[in-house]
Amino acid sequence: MGYNEKERAFIEWYPRGYGVGFKVKQRIFETQTEYQRIEIYETEGFGKLLILDGTVQLVEIGEESYHEALVHPVMLAHPNPRRVLVIGGGDGGTLREVLRHKTVEKATMVEIDEGVVEASYLYLDVASELLDRLIKKEEPRGELIIGDGVRYLKETDERFDVIIVDSTDPVGPAKLLFSEGFYRSAYEKLNERGLYITQAGSVYLFTNELLDAYRAMKKVFDRVYYFSFPVIGYASPWSFLVGVKGDIDFGKVDVERGRGLELYYYDPERHGTLFQMPKYVRDLLERA
Ligand code: AG3
């Protein structure tokens, strides 16, 4: 499980013995917080690697493949996203991408584990300047709240145009973030027109969890979309689920706004390619 000293490799084991791993030069940080085990490694070819409870969260080289897919499609599908909520995402990569949108007046990140923010700030080259400003409360358009996202969403009086869930997998501690009750509080806290997106795990290895989340979202949102994206470091293709409140077509994005972003992986001009999926997956979703 995890780090193999002899092989000098970190391998994440998924169900049924499927592994994804990296050759590592050394472990540079390790701690156990109230919530989870945090590890950081220096890899041979992908920069630093962030692990939470044995699962790969990101590698520095290629992290954009995940953060761009999670953030820009929904931000560009919304006509004018001004108020954004990020749940999880303590490494700062998601918020970094959100703040690249000039329409955003305020973006709030609610991360349960302060340890992730600290470790990312100290060791990762992902968003450390942003995290520094957030910690010092010097980011004019951003706010960091250390707390439980489920509780925050239930209790807040604020309303959002876009809600982004950047959590760990739909198994274990983040399970509640994939429940019907949580989707209902998200729907309630979205403005009349709004979008919700969550990462939703590996298509092939967390299929049941994915279908459960898909069915629960369909009960709550006015429209639900599925797309997958190849993410460096995960058992790709990786799933994303989008829930829409009101009259927004997630199939269409503002390509003009997208052009200014200069992205590496997600291409707003080819937005439609997000929805191309293996027949196996389409069949599963149609039957769900
Ligand atoms: N959060 C999503 C992690 C899911 C990865 N799952 C896995 N490797 N089994 C990533 C945090 C990046 N901001």
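What counts, and at which threshold
Residues numbered from 1 in each chain as written. Predicted model: local features only at pLDDT ≥ 70, side-chain atom pairs only at ≥ 80, totals over all residues. Heavy atoms only, no water. Helix = DSSP H or I, 4+ residues; strand = E, 2+ residues; numbered from the N terminus. Expected span 1.5 Å × (residues − 1). Buried < 20%, exposed > 50% of the residue type's maximum accessible area, 1.4 Å probe, protein only. UniProt positions renumbered as here; feature names shortened; annotations may be inferred. 1 Å grid on protein atoms, 1.4 Å probe; cavity = no way out; pocket = protein on both sides within 12 Å on 5 of 7 lines; lining within 4 Å. Contact = heavy atoms within 4.5 Å. Pairing = 2+ DSSP bridges. Axes fitted to C-alpha atoms, helices over the stretch in contact; angles between N-to-C directions. Core = buried A, V, L, I, M, F, W, Y, C linked by side-chain atoms within 4.5 Å. Domains from an automatic or database assignment. Polar contact = N/O pair within 3.5 Å; in protein donor to acceptor, adjacent residues only side chain to side chain. Near = heavy atom within 4 Å. Areas by Shrake-Rupley, 256 points an atom, 1.4 Å probe, with all protein chains shown as cover. Sits in = over half its atoms within 2 Å of the grid points. Nonpolar A, V, L, I, M, F, W, Y, C, P; charged D, E, K, R; others polar. Salt bridge = Lys/Arg side-chain N within 4 Å of Asp/Glu carboxyl O. Points joined across faces, edges and corners; volume = space filled by probe spheres on them.

Enquirer: Is there a simple way to think about helix α1 (residues 64–77) in this case?
Expert: Along an α-helix, residues three or four apart share an orientation, since each turn contains 3.6 residues. Taking 1.5 Å per residue as the helical rise, α1 with its 14 residues ought to reach 20 Å, and the 19 Å between its terminal C-alpha atoms agrees with that figure. Of all 14 residues that make up α1, 14 are buried, and the element is covered over most of its length.

Enquirer: Could you clarify how one ought to interpret the UniProt feature "binding site: S-methyl-5'-thioadenosine" (unreviewed entry) in the protein chain in this entry?
Expert: UniProt marks Q36, E111, D148, G149 and P173 with the feature "binding site: S-methyl-5'-thioadenosine" (unreviewed entry), using the numbering shown here. Among the annotated residues just listed, those that line the largest pocket are Q36, E111, D148, G149 and P173. Along the polypeptide, D148 turns up in the loop between β9 (142–146) and α5 (149–155). With residues near it in sequence (within four places) discarded, D148 still touches V110 and I112.

Enquirer: What is the right way to read the sheet that holds strand β11 (residues 190–202) from this model?
Expert: Pairing between the strands of a sheet is mediated by backbone hydrogen bonds and can be parallel or antiparallel. The seven strands are arranged β9-β8-β7-β10-β11-β13-β12 in an open sheet whose pairing can be described as mixed. Looking at the sheet topology across the chains shown, the edges are occupied by β9 and β12 (223–229). The sheet shows a mean angle of 15 degrees between the axes of neighbouring strands, taken without regard to direction.

Enquirer: Explain unusual backbone geometry to me, please; I cannot follow it from the model alone.
Expert: Note: most residues except glycine have negative phi, and most peptide bonds are trans. The omega angle of the peptide bond from S236 to P237 is -5 degrees, so this bond is cis rather than trans. Mapping P237 onto the fold places it in the loop between β12 and β13 (238–245). A positive phi angle, near 50 degrees, is found at R8, a position not held by glycine. With respect to the element layout, R8 can be found in the loop between β1 (2–4) and β2 (9–13). By relative accessible area, which is 42% here, R8 ends up partly exposed. Unlike most non-glycine residues, R16 shows phi in positive territory, near 60 degrees. With respect to the helices and strands, the residue R16 is situated in the loop between β2 and β3 (19–32). R16 gets classed as exposed once you look at its relative accessible area, which sits at 73%.

Enquirer: In this structure, what is going on with the nonpolar core? I would like to understand it.
Expert: As a rule of thumb, soluble globular proteins bury nonpolar side chains together. Grouped together as the largest cluster of nonpolar side chains are 66 residues, with contacts concentrated most on L49, V98, I164, W238, F240, V242 and F250. Here this core gets eight residues from one element, more than from any other, and that element is α1. Looking at which domains feed residues into this core, each of domain 1 (2–59) and domain 2 (64–287) supplies at least three. Excluding residues that lie within four positions of it along the chain, I164 makes contacts with L70, V71, V84, L85, V86, I87, T94, V98 and I197. Ranked by size, the runner-up nonpolar core spans 33 residues in total, among them F160, I163, Y214 and L241.

Enquirer: I would appreciate a short explanation of helix α3 (residues 114–123) in the present structure.
Expert: Among the residues of α3, those classed as buried are G115, V116, V117, A119 and S120. Residues of α3 that are buried make contact with β3, β4 (37–43), β5 (48–52), β8 (106–111), α4 (128–135) and β9. Put simply, D113 is the residue that caps the front of α3, since its side-chain oxygen is 2.9 Å from the backbone nitrogen of G115.

Enquirer: Even after reading the chapter, I still don't get the site of the ligand, so can you show me in this structure?
Expert: The immediate surroundings of the ligand are formed by 14 residues, with E12, H67, D91, D166 and D169 found nearest. A distance of 2.8 Å separates a nitrogen atom of the ligand from a polar atom in the backbone of V56. Notes on the ligand: free accessible area 400 Å², of which the protein chains cover 99%. A majority-of-atoms criterion places the ligand in the largest pocket. Ranked by residues supplied to the shell around the ligand, first place goes to strand β6 (residues 55–59) with three residues. Of the residues assigned to the shell around the ligand, the class counts are five nonpolar, five polar and four charged.

Enquirer: Explain the pattern of salt bridges to me, please; I cannot follow it from the model alone.
Expert: Scanning the model with the defined rule gives 23 salt bridges in all. Note that R27 is salt-bridged to E39, the shortest N-O span being 3.3 Å. Here the residue R27 occupies a position in strand β3, and E39 occupies one in strand β4, the gap between them amounting to twelve residues. Through salt bridges that share partners, R27, E30, R37 and E39 make up one connected network.

Enquirer: Hey, could you run me through empty space enclosed by the protein in this one?
Expert: Which parts of space are left empty comes out when a probe the size of a water molecule is rolled across the atoms. Per the stated rule, a full pass over the model turns up one cavity of 30 Å³ or more. For the largest cavity, the calculated volume is near 30 Å³. As for the largest cavity, its lining consists of Q57, L58, V59, E63, Y66, H67, V231, I232 and Y234. Mapped onto the lining of the largest cavity, the elements with two or more residues apiece are β6 and α1. Ranked by the residues each element gives to the lining of the largest cavity, the list is headed by β6, at three residues. Residues belonging to the lining of the largest cavity are distributed by class as follows: six nonpolar, two polar and one charged. Here the lining of the largest cavity spans two domains, and each of domain 1 (2–59) and domain 2 (64–287) adds at least three residues to it.

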